[in-house]
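Given next are the chains, with one letter for each unit.
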Amino acid sequence: MLRLADCALRPLTLADGDRVLAWRNQDRVRANMYTDHVIAPVEHARWLERALIDERAAYRIFEHQGRPVGFVSFTDIRREHGRCSWAFYLGEADAPRGSGAAMEYLALDEVFGPLGLDKLCCEVFVFNAAVVRLHHRFGFVEEGRFVRHYRKDDEMKDIVVLARFAQGWFEDRARLAPMVFEEARP
């Protein structure tokens, strides 16, 4: 189990570019993405240049004990509507067990804390059941399903549409902390 003091989200920087590209091009990461082709360095460089100045997005690196191990993106930030979308993945295959839950916990804290939003949205391929279960554990509700919505591997795939609301997060975080972080256990 992880310690909260060992986990952090920090802003993406230009220096993270090569690492994020290597993570994003891994088969296990691409398999769960809408954009699943191998991304060329020039394509990634253009994305990174835009990402670092995009006012409607916030990109984070998840670190465990100062070591970058994952990526979190908050996109389509709509302050006027109090919402954004998000995605995340572990880049390092040897990331400590529980890193995904720690990333989700910290992401929710950031969205409903410093970012000050009311709703966090996401879309998950139905075959990615482990992530759907993780989101449910963190209080996401299924808002719907896009049936036969996206072609992947020459088949039409369903997408689960989920959202988590700020209301109740600060009570839920106290309940969830012992399931995620060692020092929060009774």
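These numbers come from a predicted model, not from an experiment. (Residues numbered from 1 in each chain as written. Predicted model: local features only at pLDDT ≥ 70, side-chain atom pairs only at ≥ 80, totals over all residues. Heavy atoms only, no water.)

**Student:** Teacher, can you tell me more about the overall build of the protein chain here?
**Tutor:** For the protein chain, the helix and strand inventory stands at six helices and seven strands. Its helices and strands in sequence order give the protein chain the pattern β-α-α-α-β-β-β-α-β-α-β-β-α, from N to C terminus. The C-alpha radius of gyration computed for the protein chain amounts to 16 Å, which stays within 12% of the reference 16 Å derived for 186 residues, consistent with globular compactness. Taken over the C-alpha atoms alone, the protein chain extends approximately 45 × 40 × 35 Å along its principal axes. Relative to its 186 residues, the protein chain shows a buried fraction of 46%. (Helix = DSSP H or I, 4+ residues; strand = E, 2+ residues; numbered from the N terminus. Rg over C-alpha atoms; globule rule 2.2 N^0.38 Å. Buried < 20%, exposed > 50% of the residue type's maximum accessible area, 1.4 Å probe, protein only.)

**Student:** What should I look at first to understand the environment of Asp154 in this one?
**Tutor:** Note on placement: Asp154 falls in the loop between β6 (141-152) and β7 (155-165). A C-alpha to C-alpha distance of 33 Å links Asp154 and Ala107, two positions 47 residues apart in sequence.

**Student:** Whenever I open this one, a nonpolar patch on the surface confuses me. Can you help?
**Tutor:** On the surface, a nonpolar cluster with roughly 330 Å² of combined accessible area is contributed by Leu14, Leu52 and Ile53. Mapped onto the elements of the fold, Ile53 is located in the loop between α3 (41-51) and β2 (58-64). (Patch = residues over 30% accessible without salt bridge, like charges linked within 9 Å, V, L, I, M, F, W, Y side chains within 5 Å. Areas by Shrake-Rupley, 256 points an atom, 1.4 Å probe, with all protein chains shown as cover. Salt bridge = Lys/Arg side-chain N within 4 Å of Asp/Glu carboxyl O.)

**Student:** Hey, could you run me through unusual backbone geometry in this one?
**Tutor:** Glycine aside, a negative phi is what most residues show, and trans is what most peptide bonds show. Located in the positive-phi region is Asp76, a residue other than glycine, with phi close to 50°. Mapped onto the secondary structure, Asp76 falls in strand β3 (residues 67-78).

**Student:** Help me out: how do you make sense of the packing of aromatic side chains in this one?
**Tutor:** Aromatic ring pairs are described here by two measures, namely the spacing of the ring centres and the angle between the planes. The final tally for this structure, using the stated rule, is 12 aromatic pairs. Aromatic pair Tyr105 and Trp169: ring centres 5.6 Å apart, planes at 65°, arrangement edge-to-face. Taken together, the positions of Tyr105 in helix α4 (residues 99-112) and Trp169 in helix α6 (residues 169-180) put the pair 64 residues apart, joining distant regions of the chain. Tyr105 gets classed as buried once you look at its relative accessible area, which sits at 3%. Owing to a relative accessible area of 0%, Trp169 belongs among the buried residues under this scheme. Arranged with centres 5.9 Å apart and planes meeting at 75°, the rings of Phe125 and Tyr150 form a pair that is edge-to-face. Of the two residues, Phe125 sits in strand β5 (residues 119-125) while Tyr150 sits in strand β6, which places them 25 residues apart along the sequence. Among the aromatic residues, those joined into a cluster by ring pairs are Tyr34, Phe125, Phe127 and Tyr150. (Phe/Tyr/Trp six-rings, centres within 6.5 Å; stacked < 30°, edge-to-face > 60°.)

**Student:** Which parts of the structure should I look at to understand the nonpolar core?
**Tutor:** Most often, soluble globular proteins keep nonpolar side chains buried together rather than apart. Core analysis: the biggest nonpolar cluster contains 39 residues, and Phe74, Trp86, Leu120 and Phe138 have the highest contact counts within it. The element contributing the most residues to this core is α4, with nine residues. Counting residues in each nonpolar core, the second largest holds 12 residues, with Met33, Ala51, Tyr59 and Ile61 among its members. (Core = buried A, V, L, I, M, F, W, Y, C linked by side-chain atoms within 4.5 Å.)

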